[in-house]
2 protein chains.
Amino acid sequence: MQRQGVELISSAQLAELAGVSPAQIRKDLSHFGRFGKQGTGYDVLHLRRELIRILGLDRQWPMALVGLGALGQAIMHYGGFKERGFHIAAVFDSDPDKIGKQIGDLVVMPPERISHELPKRQIQIGIVAVPPEAAQSVANLLVRSGVRAILNYAPITLSAPPEVHVEQIDPVVHLQHMVYYLRHCPQ
Amino acid sequence: MQRQGVELISSAQLAELAGVSPAQIRKDLSHFGRFGKQGTGYDVLHLRRELIRILGLDRQWPMALVGLGALGQAIMHYGGFKERGFHIAAVFDSDPDKIGKQIGDLVVMPPERISHELPKRQIQIGIVAVPPEAAQSVANLLVRSGVRAILNYAPITLSAPPEVHVEQIDPVVHLQHMVYYLRHCPQ
């Protein structure tokens, strides 16, 4: 909206864009203060700035990527991180052919360096892109090295202490959502 | 639970595993019929079979993958599809070096074949793994070829007619969830 030069937006418009109800928008935002004016809607610039602050996106978050197979390489080149406050600050792989290679401005390091490098670089976010059989041990190593948030691409459920946040990228969950509709709303 | 030999499960146990409230479990399931018995809980085997049927997962869904860069290759080798009812039945890429190559039991085809191959193979699900600047035109082509569900890996929001379901794999959304907690619950 800001990029399109829109200055004010109503909860109804926000609701339509977000796919929820206007009441939900107003309720959710009210948890964090007063952002809108009755009858005029929300100031786009102000609301965006406040949302960025609330979500903790007003800073850059360095991340460690573990695993440089096809998936890890795709993640390295993913175009959506930087502009939204995230960047990969360290890369690890156990393959001797990959260790020491330069990728962008990073050098691939062996997993044994994780416990040294992560605290040094104040990295609290780890991305797991290793084969499923290695994912849990990598997650354990990340947690021992100070990581508090893990984005898991491996198709297994990771165990982690309750204070560590784990989210899984699971394409099948998305497919299942959609298939439900294909099945129940035949063309 | 079934694999572990568990025969009965309570809504409280299901709720804990799913990270929601027991009341939510009971309410959600009640939309589809009566699955549990007051006091004894749910029969694991029966509940699983019913959930599979409700979710439309009692069949194999063929999918078309468009884009065979690092990401597309990772998707080709993703281990989580088959056992959950999905498989890639056709692969497309515009790179002349890739067209005609054999990957598993599939041969890479040029995007011009999409409108012919998808109806022929009754493919209703498309996976978009092309660079962001090509994603919308690929999505349009998929929709014109009969696709009704699109899983989008490109870091852009795709437009599609309302009858086509689009879900986006967006790692940053997951990161933002977690960062909210890192920010507001400092160690």
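In case you missed it, the structure is sitting above this.
Residues numbered from 1 in each chain as written. Chains lettered and ligands numbered in written order. Predicted model: local features only at pLDDT ≥ 70, side-chain atom pairs only at ≥ 80, totals over all residues. Heavy atoms only, no water.

Quick look at unusual backbone geometry
Residues and elements named next belong to chain A.
So, point 1. Of note, the phi angle at Q122 is positive, near 50°, even though the residue is not glycine.
So, point 2. Mapped onto the elements, Q122 comes out in the loop between α5 (114–120) and β8 (125–128).
So, point 3. The class for Q122 is exposed, based on a relative accessible area of 64%. (Helix = DSSP H or I, 4+ residues; strand = E, 2+ residues; numbered from the N terminus. Buried < 20%, exposed > 50% of the residue type's maximum accessible area, 1.4 Å probe, protein only.)

Details of the side chain of B:E50
Residue and element names in this part refer to chain B.
So, point 1. Within the secondary structure, E50 sits in helix α3 (residues 44–54).
So, point 2. With relative accessibility at 18%, the residue E50 sits in the buried group.
So, point 3. At a separation of 2.8 Å, a polar atom in the side chain of E50 contacts the side chain of R53. (Polar contact = N/O pair within 3.5 Å; in protein donor to acceptor, adjacent residues only side chain to side chain.)

Here we look at the sheet that holds strand β9 (residues 149–152) of chain A
All names here are of chain A.
So, point 1. The strand order across the open sheet formed by 5 strands is β5-β4-β8-β9-β10, and the pairing between neighbours is parallel. Of all the strands in the sheet, just β5 (86–92) and β10 (165–168) have a single pairing partner and so form its edges. Direction aside, the axes of adjacent strands within the sheet are offset by 25° on average.
So, point 2. Sheet analysis places strand β4 (residues 61–66) next to β8, joined by 4 bridges and oriented parallel. Within β8, the residue paired with L65 across the bridge is I127.
So, point 3. On top of the sheet, helix α6 (residues 132–144) reaches β4, β8 and β9; it is set at about 170° to β8, its chief contact. (Pairing = 2+ DSSP bridges. Axes fitted to C-alpha atoms, helices over the stretch in contact; angles between N-to-C directions. Contact = heavy atoms within 4.5 Å.)

Structural notes on helix α3 (residues 44–54) of chain A
In an α-helix, one turn spans 3.6 residues; hence positions three or four apart end up facing the same way.
So, point 1. Restricting attention to buried positions, one finds in α3(A) the residues A:V44, A:L47, A:E50 and A:I54. Seen from one end, α3(A) has its buried residues packed into an arc of 135°, which puts them on one side.
So, point 2. On its buried face, α3(A) is in contact with β1 (8–9), α1 (11–18), α2 (22–30) and β3 (41–43) of chain A together with α7 (171–184) of chain B.
So, point 3. A distance of 3.1 Å separates the backbone nitrogen of A:L45 from a side-chain oxygen at the start of α3(A), and that oxygen is part of A:D43.
So, point 4. Of the residues flanking the end of α3(A), it is A:G56, one or two places downstream, whose phi is positive at about 75°. (Arc of directions from axis to C-beta.)

With respect to the relation of the copies chain A and chain B
So, point 1. Mapping chain A onto chain B calls for a screw motion: a turn of 180° about the axis and a shift of 0.0 Å along it, with 0.1 Å RMSD after fitting. One copy is carried onto the other by what is essentially a two-fold rotation axis. Distance from the rotation axis, computed per C-alpha, reaches its smallest value in chain A at A:A70: 2.4 Å.
So, point 2. A share of 100% of interface residues in chain A that are also interface residues in chain B marks the association as one of identical surfaces. (Least-squares fit on C-alpha atoms with pLDDT ≥ 70 in both.)

Concerning the sheet that holds strand β2 (residues 36–37) of chain A
Residue and element names in this part refer to chain A.
So, point 1. Spatial strand order, β1-β3-β2: 3 strands in an open sheet with antiparallel pairing. Both outer strands of the open sheet, β1 and β2, are each paired with one neighbouring strand and no more.
So, point 2. As paired elements, β2 and β3 share 2 bridges and run antiparallel to each other. Along β3, the bridge assignment pairs G36 with Y42.
So, point 3. Packing against the sheet, α3 makes contact with β1 and β3, and its axis sits at approximately 70° to β3.

Here we look at the interface of chain A and chain B
So, point 1. Contacts between the two partners involve 49 residues from chain A, matched on the other side by 49 residues from chain B.
So, point 2. For the pair chain A and chain B, the two sides together bury roughly 4600 Å², of which 69% comes from carbon and sulfur.
So, point 3. Together, A:R148, A:M178 and A:L182 form the three largest contributors to the area buried by chain A at its contact with chain B, with a combined 15%.
So, point 4. Between chain A and chain B we count 2 salt bridges in total.
So, point 5. Its salt-bridge partner being A:R84, residue B:D170 comes within 3.0 Å of it at the nearest N-O pair.
So, point 6. Put simply, chain A and chain B have 6 residue pairs in polar contact (both at pLDDT 80 or more) between them.
So, point 7. Secondary structure elements with two or more residues in the side of chain A that touches chain B: β4, α4 (70–76), β9, β10 and α7 (171–184) of chain A.
So, point 8. In the side of chain A that touches chain B, the residues fall into 30 nonpolar, 12 polar and 7 charged. (Buried area = accessible area lost by both parts, 1.4 Å probe. Salt bridge = Lys/Arg side-chain N within 4 Å of Asp/Glu carboxyl O. Nonpolar A, V, L, I, M, F, W, Y, C, P; charged D, E, K, R; others polar.)

Overview of the pattern of salt bridges
So, point 1. The full count for this structure, using the stated rule, is 10 salt bridges over all chains.
So, point 2. Note that A:E117 is salt-bridged to A:K120, the shortest N-O span being 3.4 Å. Here A:E117 and its partner A:K120 are both found in helix α5, 3 residues apart, which amounts to about one turn of the helix.
So, point 3. Owing to a relative accessible area of 2%, A:E117 belongs among the buried residues under this scheme.
So, point 4. Overall, A:K120 belongs to the exposed group, its relative accessible area being 53%.
So, point 5. B:E117 serves as the salt-bridge partner of B:R121, at 2.8 Å between the closest nitrogen and oxygen.
So, point 6. Its relative accessible area of 33% is what places B:R121 among the partly exposed residues.
So, point 7. A cluster of three or more residues bridged by salt bridges with shared partners is formed by A:R113, A:E117, A:K120 and A:R121.

A word on the nonpolar core
The nonpolar side chains of a soluble globular protein tend to be buried with one another.
So, point 1. Among the nonpolar cores identified, the biggest contains 52 residues, and A:F81, A:F86, B:F81 and B:F86 are the most heavily contacted of them.
So, point 2. Setting aside chain neighbours within four positions, we find B:F81 in contact with A:P171, A:V172, A:L175, B:M63, B:I75, B:F86, B:I88 and B:I127. (Core = buried A, V, L, I, M, F, W, Y, C linked by side-chain atoms within 4.5 Å.)

Re the packing of aromatic side chains
So, point 1. All chains considered together, the criterion is met by 4 aromatic pairs over all chains.
So, point 2. Judged by centre distance (4.9 Å) and plane angle (65°), the ring pair of A:Y78 and A:F81 falls under edge-to-face. With respect to burial, A:Y78 and A:F81 carry one shared label: buried.
So, point 3. When the ring centre of B:W61 is taken as origin, the NZ or CZ atom of B:R59, which lies over that ring, is 3.7 Å away. (Phe/Tyr/Trp six-rings, centres within 6.5 Å; stacked < 30°, edge-to-face > 60°. Lys NZ or Arg CZ within 6 Å of the ring centre and 35° of its normal.)

Remember that the coordinates give geometry; whether it matters functionally is a separate question.
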